[in-house]
Structures are given as C-alpha cells and as structure tokens.
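# Residue-level structural notes
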Amino acid sequence: MALAPLSQQEIDDRLAELPGWEFRDDKLSRSYRLGSHFAAAALAVHIAQVQDELDHHSDLTLGYNSVKLSVNTHSVGGAVTEKDFGLAGRVEALAKAHGVRA
Ligand SMILES: C[C@H](O)[C@H](O)[C@H]1CNC2=NC(N)=NC(=O)C2=N1
C-alpha cells in the first residue's frame with residue numbers, strides 16, 4: 001500500500017467516525033481514563049502489542065489511571081495517513097474491551 005498524507009478534509013471526514021480522537025500538532029491523538037492505574041498499564045501493554053502487529057507505533061504515555069497516545073507516519077515526514085487511522089480504529093476497539101471510562 002502506497003502511503004500518502006491525507007488532506008485536511010480527509011482527516012476531518014475520518015475523525016467524524018472516531019469520537020474522542022483529535023488532530024493536533026500534525027498528529028492524531030486521544031486519551032483514555034480507566035478505573036485503576038493497573039488497568040491503564042494493561043491497556044498500554046495491549047496497545048503496544050497491536051502496534052508491533054501493525055508495525056506502526058504511537059507515542060504512548062501511561063499516567064495515573066490514564067493512557068494517552070498520539071501518532072503520525074514518520075515515513076512520510078510526519079503527516080497523518082490511513083495507517084494512523086487504522087491504528088486508531090484498532091486502539092478504539094481495544095479500549096472498549098478494556099472498559100475505558102467516558
Ligand atoms: C521499519 C519500520 O517498518 C518502520 O520504521 C515503521 C515502524 N513504526 C512506525 N510508526 C510510525 N508512527 N510511523 C512510521 O513511519 C513507522 N515506521
């Protein structure tokens with residue numbers, strides 16, 4: 001798959017399908033709150049596993065009961081591509097399975 005930077009319109013259209021995600025500082029980002037610090041750590045590890053599977057890696061921060069991630073595609077100079085939205089979709093499903101809080 002040839003990767004190309006998405007236009008602002010394409011990013012906006014895809015973000016409309018991903019509540020909670022935002023485009024800021026040239027990255028897609030989202031944060032999640034969980035019921036405990038251990039639950040947050042478990043989600044972070046599971047995200048790391050998916051990122052290795054996809055060979056696409058976000059910046060990933062474990063906080064107190066929280067996980068934050070932001071991602072763009074290094075190989076196209078730090079633009080947002082379909083790969084970033086692919087990762088976001090996988091992480092979103094994972095987060096729901098881990099019982100994230102609204
Ligand atoms: C060699 C390996 O496929 C590349 O370095 C991958 C790994 N993970 C990556 N992650 C992100 N976010 N962008 C990339 O371009 C990227 N490239």
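Criteria and thresholds
Residues numbered from 1 in each chain as written. Predicted model: local features only at pLDDT ≥ 70, side-chain atom pairs only at ≥ 80, totals over all residues. Heavy atoms only, no water. Core = buried A, V, L, I, M, F, W, Y, C linked by side-chain atoms within 4.5 Å. Buried < 20%, exposed > 50% of the residue type's maximum accessible area, 1.4 Å probe, protein only. Helix = DSSP H or I, 4+ residues; strand = E, 2+ residues; numbered from the N terminus. pLDDT = per-residue confidence, 0-100. Axes fitted to C-alpha atoms, helices over the stretch in contact; angles between N-to-C directions. Left-handed = near helix turned anticlockwise from the far one by under 90°. Contact = heavy atoms within 4.5 Å. Pairing = 2+ DSSP bridges.

### A word on the nonpolar core
- Ranked by internal contacts, the top residues of the largest apolar core, which has 23 residues, are Trp21, Leu28, Tyr32, Leu43 and Phe85.
- Those elements that provide at least two residues to this core are α1 (8-15), β2 (27-33), α2 (37-54), β4 (66-71) and α3 (82-97).
- The element contributing the most residues to this core is α3, with six residues.

### Let's talk about the confidence of the model for the protein
- The predicted model of the protein has a mean per-residue pLDDT of 97, with 99% of residues at 70 or higher.
- Across the interfaces of the predicted complex, the ipTM metric reaches 0.95, alongside a pTM of 0.96.

### So, the packing of α2 against α3
- Following both chains from N to C, one finds α2 and α3 inclined at 145°, their axes separated by 10 Å at the closest point. As for how α2 packs across α3, the hand of that crossing is right-handed. Judged by residue contacts, Leu43, His46, Ile47, Val50, Gln51, Glu53 and Leu54 of α2 engage Lys83, Leu87, Arg90, Val91, Leu94 and Ala95 from α3.

### What about the sheet that holds β4?
- Read from one edge of the open sheet, four strands run β1-β2-β4-β3, paired in antiparallel fashion. Of all strands in the sheet, those bounded by a partner on one side alone are β1 (22-24) and β3 (59-63). Strand-to-strand twist in this sheet, taken as the mean axis angle between neighbours without regard to direction, amounts to 25°.
- As judged from the five bridges shared by β3 and β4, these two strands associate in the antiparallel manner. Within β4, the position partnered with leucine 62 by the bridge is valine 67.
- On the sheet, α2 packs against β2, β3 and β4 and is oriented at approximately 165° with respect to β3.

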